[in-house]
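# Residue-level structural notes
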Amino acid sequence: MIYLDNNATTPIDPQVAARIADFAREHFGNPSSLYPIGREIKEMINEARQTIANALGTSRSEIIFTGSGTEADNFAIRGILDAHPDKNEFITSAIEHPAVIQTANYLEKKGCKVTYVPVDSKGVIDIDFLKKAISHRTALISIMLANNEIGTIQPIKEVSKIAKENGVLVHSDAVQAFGKIEVKVDSLGVDLLSISAHKIYGPKGIGALYIRKGTKISPLIYGGHQEREMRAGTENTIGIVGFGEAVRVMQKRGLQDKKLINKLAEKLKKGIEDKIPNVKFNGHETQRIKGTLNFSFFGLEAEAILLALATKEIYVSTGSACSEGSEEVSHVLQAIGLRPEVVRSSIRMSLGRFNTEEDIDTVLRELPEIVENLRKISNLNNEEY
Ligand code: PLP
């Protein structure tokens, strides 16, 4: 199998899997219990919290575990708007993940004014538009750090500076950036930031929200005293321990993953551009998570390519994992100005730590042939629209 859909999810690292298995076998206590088998679990949770805090350059008390990256995004946005009833305006971008876009839609229905900042053809937000959208009633700006479909990295430092000048809080969805580029909350200047374990070779169903000390935010779930009464419910202990281990492994590997992924992605990108006519690379050439490659193959339906590749056990995606299986065309590719038929011809390949040079050689052998054969039977125009 050649897995090129690491932005959808990553395989669990063997070291993380081993830690989870050991933990599940040996520990079952409730971290809220006061006797030793409870207290030791609480300590392990705090160890994981500390590891994650260190990676983000912050303190343990500013990390709240959530049930996913989606939940962290919901918590940040709804929690801030709820805690600031005098400020009823929210600014985000046109290319956010559905976790943010759908939350924004919900707020709109509740009477909140939402502004969606447009992006240019490379997927970079329009900073001047953002500046003009801010008012004294803006509670929060939420802009993702890196996009899941095209990988474009946003100028978050600049966003934070502008926000600070206007007394507005900033949240960033760093789910796709964490583990791929440096994510330090102080240097980014953000007040809130979301991450998720299953994008960094950890387990699914566990995420975290960084909340800067002193930020006024309403709890997400009411109940017991867990997570500083911000997100009640007995902790996902297995998930948390796995998340901590995934971050530990990530830090131990240092630049190793980045170097490999960048090299393989460069080779894949160049190979596709050299071997396949009438393709368009989508996204930013440099300001991008390098392992994310999005290409339009003129004249074809992306699903046909995806399925043909799948018969060779090569797995890619037609966009964000969340819109997979639905008829919706990608709002991200539309926002960068692609026509619907070009959007529908687009494939995302996202590389990860377990990809090899042979993977790329195989894709570069199979893909040109698949595209050529499909184009022979396609009644769509192969030339650029
Ligand atoms: N934000 C971005 C940018 C993502 O890519 C994803 C997952 O695809 C999420 C949020 C949601 O994370 P989770 O799958 O943990 O809910």
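Look above for the structure.
Residues numbered from 1 in each chain as written. Predicted model: local features only at pLDDT ≥ 70, side-chain atom pairs only at ≥ 80, totals over all residues. Heavy atoms only, no water.

## Focus on the overall build of the protein chain
Put simply, the rule reads: Only runs of H or I of at least four residues qualify as helices and only runs of E of at least two qualify as strands under DSSP, and these elements are numbered from the N terminus. Throughout, the radius of gyration refers to the C-alpha atoms, and the reference size of a globule is 2.2 Å times the residue count to the power 0.38. When a residue's accessible area, from a 1.4 Å probe over protein chains only, is under 20% of the maximum for its type it is buried; when over 50% it is exposed; and in between it is partly exposed. We call two residues in contact whenever any of their non-hydrogen atoms come within 4.5 Å of each other. Note on areas: Shrake-Rupley with a 1.4 Å probe; residue coverage comes only from the protein chains shown. In summary, the charge assignment counts Lys and Arg as positive and Asp and Glu as negative, without counting His or the chain termini. By convention, the charge on Lys lies at NZ, on Arg at CZ, on Asp at CG and on Glu at CD.
When its secondary structure is counted, the protein chain shows 13 helices and 12 strands. At 21 Å, the protein chain has a C-alpha radius of gyration in line with the 21 Å of a compact globule built from 385 residues. Seen along its three principal axes, the alpha-carbon backbone of the protein chain occupies a region of about 70 × 50 × 35 Å. Relative to its full complement of 385 residues, the protein chain shows a buried share of 56%. Restricting to contacts in the protein chain with at least 6 residues of sequence separation, those with at least 24 account for 73%. Working note: accessible area of the protein chain is about 16,700 Å², and carbon and sulfur atoms make up 52% of it. For the protein chain, the separation between the mean place of its 48 positive charges and that of its 50 negative charges on side chains is 4 Å.

## A few points about the site of the ligand
To keep it simple, the criterion reads: Only heavy atoms are used to decide nearness, and a residue is near a molecule or strand if one of them lies within 4 Å of it. Definition of a polar contact: a pair of N or O atoms within 3.5 Å, with one able to donate and the other able to accept a hydrogen when the atoms are protein atoms, and with sequence-neighbouring residues admitted only if both atoms are side-chain atoms. Only Asp, Glu, Lys and Arg are considered charged, only Ala, Val, Leu, Ile, Met, Phe, Trp, Tyr, Cys and Pro nonpolar, and every remaining residue, Gly among them, polar.
With respect to spatial proximity, 13 residues lie near the ligand, and among them Gly69, Thr70, Asp173, Ser196 and Lys199 are the closest. Here an oxygen atom of the ligand and a side-chain polar atom of His198 are 2.8 Å apart. Burial of the ligand by the surrounding chains reaches 91%, relative to a free accessible area of 390 Å². Considering every element that reaches the shell around the ligand, the biggest residue donor is helix H3 (residues 69–83), with 3 residues. Classifying every residue of the shell around the ligand by side-chain character gives 2 nonpolar, 8 polar and 3 charged.

## Here we look at the sheet that holds strand E10 (residues 292–297)
Heads up, the condition is: Pairing between two strands is assigned when DSSP locates at least 2 bridges connecting them. Throughout, an axis means a line fitted to C-alpha atoms (over the contacting stretch in the case of helices), and angles, computed between N-to-C directions, take values from 0 to 180 degrees.
The strand order across the open sheet built from 3 strands is E9-E10-E12, with neighbouring strands paired in antiparallel fashion. The outermost strands of the open sheet, each flanked by one partner alone, are strand E9 (279–282) and strand E12 (346–350). For this sheet the average axis-to-axis angle between neighbouring strands, irrespective of direction, equals 25 degrees. For E10 and E12, the ladder comprises 5 bridges, and the chain directions are antiparallel. Counterpart to Thr292 in the pairing with E12 is Ser350. Along the sheet, helix H9 (residues 256–275) makes contact with E9, E10 and E12, crossing E10 at roughly 10 degrees.

## A few points about H3
Applied cut-off: Take the number of residues in a helix, subtract one, and multiply by 1.5 Å to get its expected span.
Along its 15 residues, H3 runs 21 Å from first to last C-alpha, staying within 8% of the 21 Å computed at 1.5 Å per residue. By the criterion of burial, H3 is predominantly enclosed, with 12 of the 15 residues buried. What H3 keeps buried is the set Gly69, Glu71, Ala72, Asp73, Asn74, Phe75, Ala76, Ile77, Gly79, Ile80, Leu81 and Ala83. N-cap assignment for H3: the residue whose side-chain oxygen lies 3.4 Å from the backbone N of Thr70 is Ser68.

## What about helix H6 (residues 156–165)?
Note the cut-off: Taken from the helix axis, the directions to the C-beta atoms give the arc we talk about.
Where H6 is concerned, the buried positions are Ile156, Val159, Ser160, Ile162 and Ala163. Along the long axis of H6, the arc covered by the buried residues comes to 165 degrees, so they all point the same way. Opposite its buried face, H6 presents the exposed residues Lys157, Lys161, Lys164 and Glu165, each directed more than 90 degrees away. Each element contacted by the buried residues of H6 is listed here: helix H5 (127–133), strand E5 (138–142), strand E6 (169–173) and helix H7 (185–188). Positioned one or two residues after H6, Gly167 has a phi angle of 65 degrees, which is positive.

## Considering a nonpolar patch on the surface
Our working definition: Each patch is built from residues that are more than 30% exposed by relative accessible area and take part in no salt bridge. Like charges join if they lie within 9 Å; nonpolar side chains (Val, Leu, Ile, Met, Phe, Trp, Tyr) join within 5 Å. By definition here, a salt bridge exists when the distance from a side-chain nitrogen of Lys or Arg to a carboxyl oxygen of Asp or Glu is within 4 Å.
A contiguous nonpolar patch, built from Phe28, Tyr35 and Ile37 and spanning about 370 Å² of accessible area, is present on the exposed surface. With respect to the helices and strands, the residue Tyr35 is situated in the loop between helix H1 (14–26) and helix H2 (36–56).

## Let's talk about the packing of aromatic side chains
Cut-off, in case you're wondering: Aromatic rings from Phe, Tyr and Trp, with only the six-membered ring used for Trp, were paired whenever their centres fell within 6.5 Å, and each pair was classed as stacked if the ring planes differed by under 30 degrees, edge-to-face if by over 60, and tilted otherwise. The rule is short: NZ of Lys or CZ of Arg within 6 Å of the ring centre and within 35 degrees of the ring normal puts a charge over the ring.
Throughout the structure, instances matching the rule amount to 4 aromatic pairs. Ring geometry for Tyr201 versus Phe354: centroids 5.6 Å apart, planes at 90 degrees, classification edge-to-face. Here Phe354 lies in the loop between E12 and helix H13 (357–377) and Tyr201 lies in the loop between strand E7 (192–196) and strand E8 (207–211), a separation of 153 residues in the sequence. The exposure class of Tyr201 is buried, given its relative accessible area of 8%. Three or more aromatic residues joined by ring pairs make a cluster, and in this case those are Phe281, Phe295 and Phe297. Against the face of Phe281 rests Lys269, its NZ or CZ located 4.5 Å from the ring centre. Positioned over the ring face of Tyr201 is Arg353, at 3.8 Å from the centre of the ring.

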